[in-house]
Amino acid sequence: MARVVRFHQHGGPEVLRIENVDVPRPGSGEVRIRVKALGLNRAEALLRGGTYIETPALPSGLGLEAAGIVDAVGEGVSGVAPDDVVSIVPPISMIRWPAYGEFVVFPEHLVVRHPPSLGFEAAAALWMSHLTAYGALIDIARLQRGDFVIITAASSSVGLAAVQIAKLVGAIPVAVTRTSAKKEALLENGAAHVIASAEEDLEGRLKEIAGPGGARVVFDAVGGSIFVPLTAAMARGGILIEYGGLSPEPTPFPLFTVLGKCLTLRGYLVHEIIGDPARLETAKAFIHDGLERGLFRPVIARTFPFEEIVEAHRFLESNQQFGKIVVTI
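Procedures and definitions
- Residues numbered from 1 in each chain as written.
- Predicted model: local features only at pLDDT ≥ 70, side-chain atom pairs only at ≥ 80, totals over all residues.
- Heavy atoms only, no water.
- Core = buried A, V, L, I, M, F, W, Y, C linked by side-chain atoms within 4.5 Å.
- Buried < 20%, exposed > 50% of the residue type's maximum accessible area, 1.4 Å probe, protein only.
- Contact = heavy atoms within 4.5 Å.
- Bend = angle between axes of the 7 residues up to and from the residue.
- Helix = DSSP H or I, 4+ residues; strand = E, 2+ residues; numbered from the N terminus.
- Patch = residues over 30% accessible without salt bridge, like charges linked within 9 Å, V, L, I, M, F, W, Y side chains within 5 Å.
- Areas by Shrake-Rupley, 256 points an atom, 1.4 Å probe, with all protein chains shown as cover.
- Salt bridge = Lys/Arg side-chain N within 4 Å of Asp/Glu carboxyl O.
- Polar contact = N/O pair within 3.5 Å; in protein donor to acceptor, adjacent residues only side chain to side chain.
- Axes fitted to C-alpha atoms, helices over the stretch in contact; angles between N-to-C directions.
- Parallel < 35°, antiparallel > 145°, perpendicular 65-115°, else oblique.
- Nonpolar A, V, L, I, M, F, W, Y, C, P; charged D, E, K, R; others polar.
- Phe/Tyr/Trp six-rings, centres within 6.5 Å; stacked < 30°, edge-to-face > 60°.
- Lys NZ or Arg CZ within 6 Å of the ring centre and 35° of its normal.
- Pairing = 2+ DSSP bridges.

Quick word on the nonpolar core
Here's step 1: Ranked by internal contacts, the top residues of the largest apolar core, which has 95 residues, are Leu131, Leu137, Leu143, Phe219 and Phe286.
Here's step 2: In this structure, Phe219 is in contact with Thr132, Ala133, Ala136, Leu137, Ile150, Ile151, Thr152, Val158, Ala162, Ile241 and Tyr243, ignoring residues within four places of it in sequence.

Digging into helix 3 (residues 127-140)
Here's step 1: At Tyr134, helix 3 shows its strongest bend, of approximately 35 degrees.
Here's step 2: The positive-phi residue at the C-terminal boundary of helix 3 is Arg142, with phi of around 55 degrees.

Brief notes about a nonpolar patch on the surface
Here's step 1: Residues Phe253, Leu255, Phe256 and Leu259 make up a contiguous nonpolar surface patch of about 480 Å² in total accessible area.
Here's step 2: With respect to the helices and strands, the residue Leu255 is situated in helix 8 (residues 255-261).

Some thoughts on unusual backbone geometry
Here's step 1: Following Leu58, the chain continues into Pro59 via a peptide bond in cis, with omega recorded as 0 degrees.
Here's step 2: The backbone of Arg142 sits at a positive phi, close to 55 degrees, despite the residue not being glycine.
Here's step 3: Counting through the fold element by element, Arg142 comes out in the loop between helix 3 and strand 8 (148-151).
Here's step 4: Residue Arg142 is classed as exposed on the basis of its relative accessible area, which comes to 55%.
Here's step 5: The residue Ala153 is not glycine, and still its phi comes out positive at about 50 degrees.
Here's step 6: If you trace the backbone, Ala153 turns up in the loop between strand 8 and helix 4 (157-169).

Thoughts on the side chain of Arg48
Here's step 1: For Arg48, the position within the fold is in helix 1 (residues 42-49).
Here's step 2: A distance of 2.9 Å separates the side chain of Arg48 from the backbone oxygen of Gly11, its partner in a polar contact.
Here's step 3: When neighbours within four sequence positions are excluded, Arg48 is seen to be in contact with Phe7, Gln9, His10, Gly11, Gly12, Pro13, Val15, Leu16, Leu62, His313 and Glu317.

Details of the packing of helix 1 against helix 11 (residues 309-317)
Packed helix pairs are characterised by how far apart their axes lie and by the angle those axes make with each other.
Here's step 1: Put simply, helix 1 and helix 11 touch, their axes get as near as 10 Å, and they point 105 degrees apart. Between helix 1 and helix 11, the interaxial angle falls into the category roughly perpendicular. The residues of helix 11 that touch helix 1, namely those facing Arg42, Glu44, Ala45 and Arg48, are His313, Leu316 and Glu317.
Here's step 2: Per-class residue counts for the contact of helix 1 with helix 11 are two nonpolar, one polar and four charged.

Quick notes on the packing of aromatic side chains
Here's step 1: Within this structure, the stated rule accounts for five aromatic pairs.
Here's step 2: In textbook terms, an aromatic cluster arises when at least three aromatic residues are bridged by ring pairs, as seen for Tyr134, Phe286 and Phe296.
Here's step 3: Over the ring of Phe315 we find Arg302; its NZ or CZ atom is 5.2 Å from the centre of that ring.

As for the sheet that holds strand 11 (residues 215-220)
Here's step 1: Spatially, six strands are ordered 10-9-8-11-12-13 in an open sheet, and the strand pairing comes out parallel. If you trace the sheet from one side to the other, it starts and ends with strand 10 (193-196) and strand 13 (264-267), each paired once. Mean inter-strand twist for the sheet, computed between neighbouring axes without regard to direction, equals 15 degrees.
Here's step 2: In terms of strand pairing, strand 9 (residues 172-177) meets strand 10 through four bridges, oriented parallel. The residue bridging Thr177 from the neighbouring strand is Ala196, located in strand 10.

Notes on the pattern of salt bridges
Here's step 1: What the rule picks out here adds up to 18 salt bridges.
Here's step 2: Put simply, Arg3 and Glu307 hold a salt bridge, and the shortest N to O gap is 3.0 Å. Placement of the pair is Arg3 in strand 1 (residues 2-7) and Glu307 in the loop between strand 14 (300-305) and helix 11, with a sequence separation of 304 residues.
Here's step 3: Owing to a relative accessible area of 21%, Arg3 belongs among the partly exposed residues under this scheme.
Here's step 4: Ionic pairing is found between Arg293 and Asp289, a salt bridge with its closest N-O pair at 3.2 Å.

Put into structure tokens, the structure is as follows:
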């Protein structure tokens, strides 16, 4: 038997249960992993709460990121072998491929051997954040040297990954966070500039930093009224990539700014990258290169033991973290 986390009804962190189930067997093309660490993501809280883009049959498992040791492989698997140290690229469906468990089974194409220098906790905190940021900034926006890129929710794991990616290509990351409490930490983690949106004139500061040319790329997880100052500070022909909706406020459409500057406003899900084999392989190569060069380093906010999964989800919802929450098994 093996322990897994499941929920039998939608709700807060308290609905999560640790249960015993039979150890799953890997089928053709599948890999069974003995999990050592899990990375927690907001998407898992949304699934648990019943507001995610997937609707599960209950009871349901959950989880998008894990790292561990290959325990067994199914027929036709050739890229990894038992005892390999691996991590998981987030699946398109965590209902079909849940990661919260002592033993999990994933298709081979989502299993990655990571560098020995990357421990289990860091490996479990890597793929969702860096794939999400890569897909937006590199695959879609073609971020390049000298570009100003505005990154909102900058203290999140995705925001911090975006800062690292911007630095790798020689762009200038402008981190936007709600208060100045995390300003020094953001500067220490590579942000060229930090703006506390609740304490400063966001539009004025962005224009001051980016100058008359404006910022060509905006990577936003917030939405809401922040759209107005963000687009006002953008360059002509710039692109705003929206990957979240943290603000409870309605999001206005800044019509005349968009028209006057010929802006592109684009919705984005990391599924675009994960679901395209060619784009996923390119993304993996980019991220591995950053790891090998020592330029990518997942930032871990706090680590919880598996037995405290409810407490870990409570901390996830508190919005106090700087980086990724990790659970160890």
